[in-house]
Amino acid sequence: MKSRPSDLTGFAALLGESFSSRIELLTQVLQDAHYPSVGTYKERLLIESIRNYLPKSLSVGTGFVMFPHSDLAPRAGEHFDSLNKSAFCVSRQCDILIFDGDQYPPVFRDGDFVVLRPEAVKAVIEVKGTISIEETRKLVDSCIDFGRKWRATQMFYREHHQSLVDTPALLTMCWSVAKRKDGRPKTNPAKIRREISSIYRNELVESELDGFPLLSNLYIYGEAEISGVFGIEDGCHYGWMSTDGCFKRFDSSGSVYRDKDRTIAALLAQLHLTMGFGKFNRFFSYPDETTNDKLLPYEHHGIDWTWRSVKSSKGMSFNSRQLHSS
């Protein structure tokens, strides 16, 4: 008897679809009676999927990151340790923190709530119920705030001969595009992509790019993936690209159709790729049946280059994920 071929694409699509069905169950019961509970449930489902996917050496929590920096008003006194002249600032609250709690103990921990040292952090994931241009601006502003604190700490570490740390992945999962009262979307993935690119271009100068953690991926469930992209044609470029958030599949006649959500599978794959596992296998993480956009064009596909012809020393930092030693 001939065995049935495995369908990893179908499995990955059902992974995303299972979110929709479980959320729909709760929505049918609550309707609009308590919308915040639905949002909390979505976040819990995402944490559950991430926790099941990660190796046992990594943990998942929510909370803050502490950043040591130079003390602008050092304390005086004969017993003050001159080798430890540092102060601390704290990140804004992070919805989901993925961290190495085995090698780097949390500064504070109470259940899933944690305060972490920078070297423990592997990824930060923000969760948004809906995304609009206004929410995009708030999100990128939060990412820039985190990035500047992170980079300042790495420069402080380098100055005081402390080991530098790889930048964490900054990701966002959005459950839908915000809608107007008449049900029409307020924006679309192409406009969100352009807004991300524009804010970074206006807020960051080239000298800051070295070792600066950027928003690497924004997912809109069942709709789009907006990801940071690196190009080297005619110079070193960096920007953001929007692609379809659903799988492209072939039917029995060989025609391509748009299937179920791929953003959940893409988020898990991105975590595996960027968090230094060292054992990335694209055959398991990228189960697309085709990536040829010409077969089924996505209306919001495109790239906005944020920085063009970046100097090679700064351009290399996009790949190194660490502040340069020079």
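As a reminder, the structure under discussion sits directly above these lines.
Treat the numbers as computed from the prediction; the structure is a model and nothing was measured.

Which parts of the structure should I look at to understand the packing of helix α3 (residues 133-159) against helix α4 (residues 189-203)?
Pairs of packed helices are described in terms of their axes, by the angle between the two and the distance that separates them. Contact geometry for α3 and α4: axes closest at 10 Å, N-to-C directions at 40°. As the angle between them shows, α3 and α4 are arranged oblique. The interaxial crossing formed by α3 with α4 has right-handed handedness. Between α3, through I133, T136, R137, V140, C143, I144 and R148, and α4, the contact on the second element is made entirely by K191, I192, E195, I196, I199, Y200 and E203. In the contact of α3 with α4, the residues fall into 8 nonpolar, 1 polar and 5 charged.

Teacher, can you tell me more about a nonpolar patch on the surface here?
A contiguous nonpolar patch, built from V107, F108 and F113 and spanning about 260 Å² of accessible area, is present on the exposed surface. Following the sequence through the fold, F113 ends up in strand β5 (residues 113-116).

Is there a simple way to think about α3 in this case?
Along an α-helix, a turn takes 3.6 residues, which lines up residues three or four apart on a common side. Its 27 residues give α3 an end-to-end C-alpha distance of 39 Å, which sits within 8% of 39 Å, the value for a rise of 1.5 Å per residue. Where α3 terminates, the next one or two residues include H161, which has phi positive at roughly 60°.

I'm lost on the pattern of salt bridges in this one. Help?
Opposite charge on two side chains makes pairing possible when the charged atoms of those side chains draw close. Taken as a whole and judged by the stated rule, the model has 17 salt bridges. Between R51 and D112 there is a salt bridge, with the nearest N and O atoms lying 3.6 Å from each other. In this pair, R51 is assigned in helix α2 (residues 35-53) and D112 in the loop between β4 (108-110) and β5, connecting sequence segments 61 residues apart. For K138, the salt bridge goes to E135, with nearest N and O atoms at 3.7 Å. Of this pair, K138 and E135 both sit in helix α3, 3 residues apart, roughly one helical turn. In the salt-bridge network here, residues are joined through shared partners; they are R92, D141, D145 and K149.

The rules behind each value
Residues numbered from 1 in each chain as written. Predicted model: local features only at pLDDT ≥ 70, side-chain atom pairs only at ≥ 80, totals over all residues. Heavy atoms only, no water. Axes fitted to C-alpha atoms, helices over the stretch in contact; angles between N-to-C directions. Helix = DSSP H or I, 4+ residues; strand = E, 2+ residues; numbered from the N terminus. Parallel < 35°, antiparallel > 145°, perpendicular 65-115°, else oblique. Left-handed = near helix turned anticlockwise from the far one by under 90°. Contact = heavy atoms within 4.5 Å. Nonpolar A, V, L, I, M, F, W, Y, C, P; charged D, E, K, R; others polar. Patch = residues over 30% accessible without salt bridge, like charges linked within 9 Å, V, L, I, M, F, W, Y side chains within 5 Å. Areas by Shrake-Rupley, 256 points an atom, 1.4 Å probe, with all protein chains shown as cover. Salt bridge = Lys/Arg side-chain N within 4 Å of Asp/Glu carboxyl O. Expected span 1.5 Å × (residues − 1).

In short, shape yes, function no, at least from these values alone.
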